[in-house]
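Geometric and topological summary
Listed below, chain by chain, are the residues.
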Amino acid sequence: MYADHHAEQASSVTKNLEIVVKNDVFKLEGNEVSVNGEVRSVPLTKSYGNGATIEISDAGTYTLSIVENGMDPFVELTWNKISSYTVKVHGTCKGRSSGMCGKWNGNADDDLTMPDGEQADTVEEFGTAWAVDDEEDCPEPPPPTDLCDDFGLAGRREEFKDHVTSVISQGLSVSATRRSTPRLQ
């Protein structure tokens, strides 16, 4: 499973989720669901020869369930289409998982196993090892502009620099006054 994050209004936004099952790639993005690049309507059910079924429903949030032989879902993913998703894994999957959720085999010492099978020394190294290269989707941002140039104040740059330095060195003090407006009845 891959999540592509970008920052807009929330501190973290999940732009899309990709779930790989067998040879199929299910992509949830906004109000669109695709399977292997083909946009599909929801609700969606896809069955496999081994009795496994993928079910995707939309009741304001997407729910993707992997069910085998009509039993409780092995995996259930719920996504609010914006910023938050949860993954629930059935107990029968214990010992059969790996990746960002760890190995779930009762041995916490191997939960930071990277894709190459090596153990990460830090959680940062672990997360980076599982990250998907999305440089194509996230080009290098342009360099910041100079506010003095933007507002036609290039000739007063030193004056503003001195003022900002002075404010920062003195500390910022903010006060507020409550005003009440009389109501007419």
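Residues numbered from 1 in each chain as written. Predicted model: local features only at pLDDT ≥ 70, side-chain atom pairs only at ≥ 80, totals over all residues. Heavy atoms only, no water.

Brief notes about the overall build of the protein
When helices and strands are tallied, the protein shows three helices and 10 strands. With 185 residues in all, the protein has 21% of them scored as buried. Residue pairs in contact within the protein that sit at least 24 positions apart in sequence constitute 21% of those at least 6 positions apart. Looking at the protein as shown, the accessible area adds up to about 13900 Å², and 50% of this sits on carbon and sulfur atoms. (Helix = DSSP H or I, 4+ residues; strand = E, 2+ residues; numbered from the N terminus. Buried < 20%, exposed > 50% of the residue type's maximum accessible area, 1.4 Å probe, protein only. Contact = heavy atoms within 4.5 Å. Areas by Shrake-Rupley, 256 points an atom, 1.4 Å probe, with all protein chains shown as cover.)

Section: the pairing of strand E8 (residues 62-68)
E8 sits mainly inside the fold: six of its seven residues count as buried. Pairing between strand E7 (residues 52-58) and E8: seven bridges, direction antiparallel. If you follow Thr53 over to E8, its bridge partner there is Val67. Alignment of E8 against strand E9 (residues 75-79), held across five bridges, turns out to be antiparallel. Each residue of the ladder has a partner; that of Ser65, found in E9, is Glu76. If you look at the hairpin formed by E8 and E9, you'll find six residues sitting between the two strands, and Asn69 has a positive phi there, around 55°. (Pairing = 2+ DSSP bridges.)

Quick look at a negative patch on the surface
Taken together, the side chains of Asp116, Glu118, Asp121 and Glu125 present a region of like negative charge at the surface. Mapped onto the elements, Glu118 comes out in the loop between strand E10 (85-89) and helix H1 (123-130). (Patch = residues over 30% accessible without salt bridge, like charges linked within 9 Å, V, L, I, M, F, W, Y side chains within 5 Å. Salt bridge = Lys/Arg side-chain N within 4 Å of Asp/Glu carboxyl O. Lys, Arg positive; Asp, Glu negative; His and termini not counted. Charge placed at Lys NZ, Arg CZ, Asp CG, Glu CD.)

Re a nonpolar patch on the surface
There is a patch of nonpolar side chains on the surface, built from Tyr85, Val87, Val89 and Trp104 and spanning about 300 Å² of accessible area. Mapped onto the secondary structure, Tyr85 falls in strand E10.

Describing the pairing of strand E3 (residues 24-29)
Here E3 shows a clear split, with Asp24, Phe26 and Leu28 buried on one side and none of Val25, Lys27 and Glu29 buried on the other. When E3 meets strand E4 (residues 32-35), the two strands line up antiparallel, connected through four bridges. Bridge pairing in E4 links Leu28 to Val33. The turn linking E3 back onto E4 is made up of two residues, and Gly30 within it adopts a positive phi angle of 60°.

With respect to the nonpolar core
Counting residues in hydrophobic clusters, the biggest one holds 17 residues, and the most contacted among them are Ile19, Val21, Phe26, Leu28, Ile54, Ile56 and Leu64. Elements supplying a minimum of two residues to this core: strand E2 (13-21), E3, E4, E7, E8 and E9. (Core = buried A, V, L, I, M, F, W, Y, C linked by side-chain atoms within 4.5 Å.)

Details of the side chain of Thr63
Relative to the helices and strands, Thr63 resides in strand E8. Given the relative accessible area of 19%, Thr63 is considered buried. Those residues in contact with Thr63 that sit more than four places away from it in its chain are Glu55, Ile56, Ser57, Glu76, Leu77 and Thr78.

Points about the pattern of salt bridges
Taken as a whole and assessed by the stated rule, the structure comprises five salt bridges. With a closest N to O distance of 3.0 Å, Arg156 and Glu159 form a salt bridge. On the basis of relative accessibility, which here comes to 45%, the residue Glu159 falls in the partly exposed class.

Side note on the side chain of Thr53
With respect to the helices and strands, the residue Thr53 is situated in strand E7. Among all residues touching Thr53, those that are not within four sequence positions of it are Thr45, Lys46, Ser47, Ser65, Ile66 and Val67.

No statement about biological role is implied by the geometric values presented.
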